[in-house]
Amino acid sequence: MSISHAPPGSTKPDIPGISPTDGADDQHLGLEPIVPASSRRARVPRWLRRTTGPLLLLALWQLLSSTGVLTPDVLASPGRIAEVGRDLVADGSLPDAMATSLRRVAAGLVLGTVIGTGLALLSGLFRVGEDLVDAPVQMLRTVPFVGLIPLFIIWFGIGEAPKTAIITLGVTFPLYLNVYAGIRGVDAQLIEAGESLGLSRWGLVRHVILPGALPGAMTGLRYSLGIAWLALVFAEQVNADAGIGFLMVQARDFLRTDVIVVCLIVYAFLGLLADFIVRTLERLLLQWRPTFTGR
């Protein structure tokens, strides 16, 4: 705090050599305020920045195909892939395959979410549950779920059951780990504050623990969705007679790289769409948690 020694009503400044009208003089002299360099740069729209990389990669791909560096036996050109994709959509084979694959992923995702979240709640909320559940889950998650395909075929046959089981197993473990970590990562001071306010055990779980674990659960759901599509690729190699994987197997037998790439693009598109839905849901459910979004 500074104390002025000038008489009341005096315009004379305490520090000699400084005029109270210096700010106005600066404007007359044509001086401008200092502006950070980051704000002076021309801002490129974000959608343009995000699409530049894929477009450049696509242009390079087309160039290599046109010059003969990439032959159709190795990798079909983007134009050929677009034509084949249009034909697959026109004859209905691609929409039917997408519907079948989506049903399999949805069934495995629902079962995996229920199992993974249930085990995480049991293990995270109760010490007895942790002693009984956590060790077996940690052992099972280290086993590659793809290696269990022969057992699933023996147990469930070659129908839809082993495919759903593979996807369910791939979804369960990421969700379990993230929900469990979210529950155990809740600040103990928040628990004490809830207890001091008279919340019951169920009230603590509902108003403190579950909201605190929700960010981890959403992260686990995003991981689980990614692994669900990966598991679907392996699951649809098991004597499938429909689905995107079935189209890929047929294309492999006839050396149709164009159809294989179309199926891969569909896998990528469905994965991005699922991730977009989860991120939108995350923004809606976690509005109370401000986060850094980059500069």
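The shown structure was predicted, so the numbers you read here are calculated from the model rather than taken from an experiment. (Residues numbered from 1 in each chain as written. Predicted model: local features only at pLDDT ≥ 70, side-chain atom pairs only at ≥ 80, totals over all residues. Heavy atoms only, no water.)

J.: For this particular structure, what's the right way to read the pattern of salt bridges?
T.: Where charged atoms from two side chains of opposite charge come close, those side chains can pair. As enumerated under the stated definition, the model contains 8 salt bridges in all. Where D258 meets R256, a salt bridge forms, and the shortest distance between an N and an O atom there is 3.1 Å. On the basis of relative accessibility, which here comes to 6%, the residue D258 falls in the buried class. The network of salt bridges with common partners includes R80, E83, R256 and D258. (Salt bridge = Lys/Arg side-chain N within 4 Å of Asp/Glu carboxyl O. Buried < 20%, exposed > 50% of the residue type's maximum accessible area, 1.4 Å probe, protein only.)

J.: Before we go on, may I ask you to explain the packing of aromatic side chains in this structure?
T.: The description of an aromatic ring pair rests on the distance of the ring centres and on the angle between the ring planes. Tallying each qualifying case throughout the model produces 4 aromatic pairs. Here F152 and W155 contribute two aromatic rings whose centre-to-centre distance is 6.0 Å and whose plane-to-plane angle is 55 degrees, an arrangement assigned as tilted. Of this pair, F152 and W155 both sit in helix α7 (residues 149–156), separated by 3 residues, roughly a single helical turn. With a relative accessible area of 54%, W155 lands in the exposed category. Ring centres 5.9 Å apart and planes at 10 degrees place the aromatic pair Y176 and Y180 in the stacked group. Residue Y176 and its partner Y180 are located together in helix α8 (residues 160–184), separated by 4 residues, close to a single helical turn. The burial state of Y176 is the same as that of Y180; both residues are buried. Taken together, F152, W155 and F156 form an aromatic cluster joined through their ring pairs. (Phe/Tyr/Trp six-rings, centres within 6.5 Å; stacked < 30°, edge-to-face > 60°. Helix = DSSP H or I, 4+ residues; strand = E, 2+ residues; numbered from the N terminus.)

J.: I'm lost on the packing of helix α5 (residues 93–125) against α8 in this one. Help?
T.: Two quantities define a packed helix pair, namely the angle between the helix axes and the distance between the axes. Closest axis-to-axis distance for the α5/α8 pair is 6 Å, and the angle between their directions is 35 degrees. Seen along the crossing, α5 lies across α8 with a hand that is right-handed. In terms of residue class, the contact of α5 with α8 is built from 16 nonpolar, 10 polar and 4 charged. (Axes fitted to C-alpha atoms, helices over the stretch in contact; angles between N-to-C directions. Left-handed = near helix turned anticlockwise from the far one by under 90°. Nonpolar A, V, L, I, M, F, W, Y, C, P; charged D, E, K, R; others polar.)

J.: So what exactly am I meant to see when it comes to a positive patch on the surface here?
T.: Where like charges cluster on the molecular surface, the positive patch consists of R43, R46, R49, R50, R279 and R283. With 3 residues, the single largest contributor to the positive patch is helix α3 (residues 46–66). Accessibility expressed as a relative area gives 53% for R46, which makes it exposed. (Patch = residues over 30% accessible without salt bridge, like charges linked within 9 Å, V, L, I, M, F, W, Y side chains within 5 Å. Areas by Shrake-Rupley, 256 points an atom, 1.4 Å probe, with all protein chains shown as cover. Lys, Arg positive; Asp, Glu negative; His and termini not counted. Charge placed at Lys NZ, Arg CZ, Asp CG, Glu CD.)

J.: Is there a simple way to think about the nonpolar core in this case?
T.: As a rule of thumb, nonpolar side chains are buried together in soluble globular proteins. Core analysis: the largest hydrophobic core is formed by 56 residues, its most contacted members being I166, W229 and I244. Among the elements that line this core, the one with the most residues is helix α10 (residues 201–235), at 14 residues. (Core = buried A, V, L, I, M, F, W, Y, C linked by side-chain atoms within 4.5 Å.)

J.: When you look at the side chain of T168 in this model, what are you seeing that I'm missing?
T.: The residue T168 is located in helix α8 in this model. Each residue touching T168, except ones within four places of it in the same chain, is listed here: G108, L111, G112 and I115. (Contact = heavy atoms within 4.5 Å.)

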